[in-house]
Amino acid sequence: QKEVEQNSGPLSVPEGAIASLNCTYSDRGSQSFFWYRQYSGKSPELIMFIYSNGDKEDGRFTAQLNKASQYVSLLIRDSQPSDSATYLCAVNAGGGNKLTFGTGTQLKVEL
Amino acid sequence: DVKVTQSSRYLVKRTGEKVFLECVQDMDHENMFWYRQDPGLGLRLIYFSYDVKMKEKGDIPEGYSVSREKKERFSLILESASTNQTSMYLCASTLGLAGYEQYFGPGTRLTVT
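Model, not experiment: these values are computed from the prediction.

Caption draft 1: Structural view of the sheet that holds strand E1 (residues 4-6) of chain B. Residues and elements named next belong to chain B. With antiparallel pairing, the four strands of this open sheet are ordered in space as E1-E3-E8-E7. Whereas interior strands pair on both sides, the edge strands pair on one side only; in this sheet they are E1 and strand E7 (64-70). Adjacent strand axes in the sheet meet at a mean angle of 20°, parallel and antiparallel pairs treated alike. With six bridges connecting them, strand E3 (residues 19-25) and strand E8 (residues 73-78) associate as antiparallel partners. Paired with Glu22 across the bridge in E8 is Ser75.

Pasting the structure below:
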C-alpha cells in the first residue's frame, strides 16, 4: 500500500463547476497535510495546508481533513481553465522534516 | 520575495560522468531537500539537510550524495551517472519543520545518454 494515494485522473470538470480532489494516507501519525498545484513543465506551488480535522477555506479553495478516515480532500469552486494542472497531495508523517507526496491528480477544466 | 534557484534547467550527460546539481535559496531556511520526479512515480525524496554539514537519506539515496557547506547552498552529486537517473530534479527549502511550506526551485531536467 502506498503511503499517500491519489487517483491519477484525468478529472474533467466543466468551467464553473466544483472540482473535488481526494487523497488517502496510511500513517495514522500524520500531522500536516498539503496541497500543491503543478502546471506542466513547472515546479509545485503550495495551494493549501491543513493540520486539524474539518474544513479550511481560502478563496475558491477548501481543504477538508478527516483523520479518522485518513483522507484529505481539496475542493475548487467555480473552476476555471487556469485551474487545469496536476494537484499533489503531501503528508508529513509522524512529524520530522519530510513530506511524502502522492503521484498527483490531473485536473482538466473544460470550456 | 522567496527564491530557490537551480544551476541548470536542462542538462545532458554521458553514462559514467560525475554530475553536480546545485541549489541556492535566499530565505535563510534551515532545511533543504532534493527530489526527483518521474511520470507515474511522483516526487520522491533523495536526500535532505536540516543544517550546514548535516544530511539525511531520503527514500531513494542510492547512487547519489549531497553536500551542504553553506546554509544557502545544497548540492546533489551523481557519482557515476546512469541512464536510470534521467529525470526531473527538484530542490526545495523550508524554514522549520515540515509544518512549514516547502518552496521549490524551477527544476533541472537531466538526461543521461
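Caption draft 2: How the structure looks around the state of the cysteines. All names here are of chain A. In total, this model carries two disulfides over all chains according to the counting rule given. Bridging Cys23 to Cys89, the disulfide has an S-S length of 2.1 Å. Negative torsions about the S-S bond denote left-handed disulfides, and the value of about -70° found for Cys23 with Cys89 makes this one left-handed. With Cys23 in strand E3 (residues 19-25) and Cys89 in strand E9 (residues 85-92), this pair connects stretches of sequence that are 66 residues apart.

Caption draft 3: Fine view of the pattern of salt bridges. All names here are of chain A. Inspection of every chain in the model, using the stated rule, returns 10 salt bridges over all chains. One salt bridge connects Arg77 with Glu57, and the closest N-O pair in it is separated by 3.4 Å. With Arg77 in the loop between strand E8 (71-76) and E9 and Glu57 in strand E6 (residues 54-58), this residue pair connects regions lying 20 residues apart in the sequence. Taking the relative accessible area as the measure of exposure, Arg77 reaches 26% and is therefore partly exposed. Assessed through its relative accessible area of 60%, Glu57 is described here as exposed.

Here is what the cut-offs are and how they apply
- Residues numbered from 1 in each chain as written.
- Chains lettered and ligands numbered in written order.
- Predicted model: local features only at pLDDT ≥ 70, side-chain atom pairs only at ≥ 80, totals over all residues.
- Heavy atoms only, no water.
- Pairing = 2+ DSSP bridges.
- Helix = DSSP H or I, 4+ residues; strand = E, 2+ residues; numbered from the N terminus.
- Axes fitted to C-alpha atoms, helices over the stretch in contact; angles between N-to-C directions.
- Disulfide = S-S within 2.5 Å.
- Salt bridge = Lys/Arg side-chain N within 4 Å of Asp/Glu carboxyl O.
- Buried < 20%, exposed > 50% of the residue type's maximum accessible area, 1.4 Å probe, protein only.

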